[in-house]
Amino acid sequence: MYLGLENGIALVTAASKGIGRATAERLANEGMTVVATSRSAGPTIEEHGQGRIVPLPHDLSDAATTATLVNQVVERFGRLDVMVLNTPGPRILPALDVDWQDWQAAHDLLLRPVVQLGTAAAKTMRRQGSGAIVLLSSTWVRQPALGGVLSSSYRSAASAFVKTLALELGGTGVRINQVMPGATGTDRMQGIVEMKSTTNGTTVDEEIAKVVKDIPTGRWGEASEIADAVAFLVSERSSFITGTALPVDGGAVRASH
Ligand SMILES: NC(=O)c1ccc[n+]([C@@H]2O[C@H](COP(=O)([O-])OP(=O)(O)OC[C@H]3O[C@@H](n4cnc5c(N)ncnc54)[C@H](OP(=O)(O)O)[C@@H]3O)[C@@H](O)[C@H]2O)c1
């Protein structure tokens, strides 16, 4: 499917590995210049087909530099066509074991940067009269899970934020959507099943089986499958879709709409 993204400028955060990295690669392979931020970003620009990934060191927990990130991209590349709001995941803990420091840290990684970057990107795109924003959240927004209170709580707020942006910018040429990944095979997911196997005295394979038994497709997803959904939602192939929240989860969410 022709996506019409070539020569565009994208900003993808938390993108050195996992879902963020797969998304950056997918957009670069479509011919975009993708600024990919993370704490460990190196200096080397990577060519991908007609596009490229430009790594940029950035810590999302730093409010001051997060406030300038969109402007940095616009000053260097002249515009911003695509903003992918990805964040690292928070701690997984039973709700009653979460202390106030955990709440503050999760707020500063999951919600504050999404609001800062989403607002800056939306203002830039409204001026341009075009652009697309995707929030990468989680199915836990729609279906909370044991241990996921930090993720569900702040991502629900982020979800409401982008939905409101989509309503308010509906007639400006700017579209804002959300992709909700389900269980996806990344380092984070590997870390979670390893932590559970230690806590529960089980093997990692037993913990993986527990995750997968609730997924109708019988497997978890690949980061590239999440990236494919993001690429569609930022492309001209989805020109009449805004304000939507798309689970990419092998059918795991039980809600019918
Ligand atoms: N995997 C899943 O099953 C799944 C399902 C639903 C939702 N999610 C959510 O999707 C997001 C990505 O998950 P993932 O599985 O792709 O995670 P991952 O493989 O652990 O990758 C996390 C990324 O975040 C970056 N990062 C971490 N701390 C950062 C910081 N302070 N500032 C900037 N970047 C930072 C990391 O790079 P550096 O360490 O170099 O900074 C890395 O690129 C998370 O929010 C996760 O909770 C994941």
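Reference entry: report on the structure contained in this document. (Residues numbered from 1 in each chain as written. Predicted model: local features only at pLDDT ≥ 70, side-chain atom pairs only at ≥ 80, totals over all residues. Heavy atoms only, no water.)

## A short note on the site of the ligand
Close to the ligand lie 28 residues; Ser16, Ser40, Thr87, Arg155 and Thr186 are nearest. A distance of 3.1 Å separates an oxygen atom of the ligand from a polar side-chain atom of Arg188. About the coverage of the ligand: the protein hides 90% of its 900 Å² of free accessible area. A breakdown of the residues in the shell around the ligand according to their chemical character gives nine nonpolar, 13 polar and six charged. Both domains that meet at the shell around the ligand, namely domain 1 (9-184 + 222-248) and domain 2 (185-220), each give it at least three residues. (Near = heavy atom within 4 Å. Polar contact = N/O pair within 3.5 Å; in protein donor to acceptor, adjacent residues only side chain to side chain. Areas by Shrake-Rupley, 256 points an atom, 1.4 Å probe, with all protein chains shown as cover. Nonpolar A, V, L, I, M, F, W, Y, C, P; charged D, E, K, R; others polar. Domains from an automatic or database assignment.)

## Digging into the side chain of His48
Relative to the elements of secondary structure, His48 occurs in strand S3 (residues 46-48). Its relative accessible area of 14% is what places His48 among the buried residues. Polar side-chain contacts of His48 include one of 2.8 Å to the side chain of Glu46. Excluding its chain neighbours within four sequence positions, the residues that come into contact with His48 are Arg21, Glu25, Ala28, Asn29 and Ile53. (Helix = DSSP H or I, 4+ residues; strand = E, 2+ residues; numbered from the N terminus. Buried < 20%, exposed > 50% of the residue type's maximum accessible area, 1.4 Å probe, protein only. Contact = heavy atoms within 4.5 Å.)

## Section: the environment of Pro113
Topologically, Pro113 is positioned in helix H4 (residues 100-128). Classification of Pro113 by relative accessible area gives buried; the value is 1%. Distance in space between the C-alpha atoms of Pro113 and Leu60 is 6.2 Å, their sequence separation being 53 residues. With sequence-adjacent residues up to four places away left out, Pro113 is seen in contact with Leu60, Thr66, His107, Asp108 and Gly118.

## Quick word on the nonpolar core
Most often, soluble globular proteins have nonpolar side chains that are buried together. Counting 35 residues, the largest nonpolar core has Leu11, Leu80, Met83, Leu85, Ile133 and Ile176 as the members making the most contacts within it. Contributions of two or more residues to this core are made by strand S1 (9-12), strand S4 (51-57), helix H3 (69-77), strand S5 (82-85), H4, strand S6 (131-136), helix H5 (149-168) and strand S7 (174-181). Among the elements that take part in this core, H4 stands out by supplying eight residues, more than any other. (Core = buried A, V, L, I, M, F, W, Y, C linked by side-chain atoms within 4.5 Å.)

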